[in-house]
Amino acid sequence: MVMAAKKGPGPGGGVSGGKAEAEAASEVWCRRVRELGGCSQAGNRHCFECAQRGVTYVDITVGSFVCTTCSGLLRGLNPPHRVKSISMTTFTEPEVVFLQSRGNEVCRKIWLGLFDARTSLVPDSRDPQKVKEFLQEKYEKKRWPDTFPWGLCQL
């Protein structure tokens, strides 16, 4: 029995520096996410869900930037949103491309397109129960989307 030579990156794979190249690419994607949440898009500096300044997470499901409190609430929805820390995790190229195409302003047009502040109240960010109820209305009941979100998010 003759064994074929192993191909591809990794030990014995014939590609030197595969791991180093992957780590360098990963750092580029992480840096790009930090830029998107910082100064490159002003709308991403505040939490999409409660407007608190200083985002620390991204909601990979819809493509928004959120605070720590809302990241936990989003994970508790049905179905749970996929949320990742901006500083403590890695990102893939498809995730970054998705976030670049979205961000909080685009998400606002999609998920709150029909929201009317005169007839519906935005919850106080200091009341987690009210924020949770608001998120359930927005994502589980799909109360205000202007564009039907199927195919526009990763639910």
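Structure first, text after, so check above.
This is a predicted model, so every value here is computed, not measured.

Calculation rules
- Residues numbered from 1 in each chain as written.
- Predicted model: local features only at pLDDT ≥ 70, side-chain atom pairs only at ≥ 80, totals over all residues.
- Heavy atoms only, no water.
- Phe/Tyr/Trp six-rings, centres within 6.5 Å; stacked < 30°, edge-to-face > 60°.
- Helix = DSSP H or I, 4+ residues; strand = E, 2+ residues; numbered from the N terminus.
- Buried < 20%, exposed > 50% of the residue type's maximum accessible area, 1.4 Å probe, protein only.
- Core = buried A, V, L, I, M, F, W, Y, C linked by side-chain atoms within 4.5 Å.
- Contact = heavy atoms within 4.5 Å.
- Pairing = 2+ DSSP bridges.
- Axes fitted to C-alpha atoms, helices over the stretch in contact; angles between N-to-C directions.

Draft legend 1. Representation of the packing of aromatic side chains within the structure. In total, this model carries two aromatic pairs according to the counting rule given. Between W111 and Y139, the aromatic rings sit 4.8 Å apart at their centres with planes inclined by 65 degrees, giving edge-to-face as the arrangement. Of this pair, W111 sits in helix α4 (residues 104–111) while Y139 sits in helix α5 (residues 128–140), and the two are 28 residues apart along the sequence. The residues W111 and Y139 share a single accessibility class, namely buried. Plain terms: the ring middles of F115 and F134 are 5.8 Å apart, the flat faces sit at 85 degrees to each other, and that makes the pair edge-to-face. Placement of F115 in the loop between α4 and α5 and of F134 in helix α5 is noted, with a sequence separation of 19 residues between them.

Draft legend 2. Layout of the nonpolar core. In terms of nonpolar packing, the biggest core is built from 22 residues, with F48, V66, C70, L74, W111, L135 and Y139 touching the most fellow members. Elements that contribute at least two residues to this core include exactly α2 (68–75), α4 and α5. When residues in this core are grouped by element, the largest group, four residues, is from α5. Beyond its immediate stretch of four places on either side in the chain, Y139 contacts F48, E49, V62, L74, L77, H81 and W111. Of all hydrophobic cores here, the second largest spans eight residues; its members include V55, I86, F91 and V96.

Draft legend 3. Layout of the sheet that holds strand β3 (residues 57–59). In space, the three strands of this open sheet follow the order β4-β3-β5, with antiparallel pairing throughout. Unpaired on one side and paired on the other, β4 (64–66) and β5 (83–85) mark the two borders of the sheet. Taking the axes of each pair of neighbouring strands and ignoring which way they run, one obtains an average angle of 30 degrees across the sheet. Here β3 runs beside β5; their pairing, made up of three bridges, is antiparallel.

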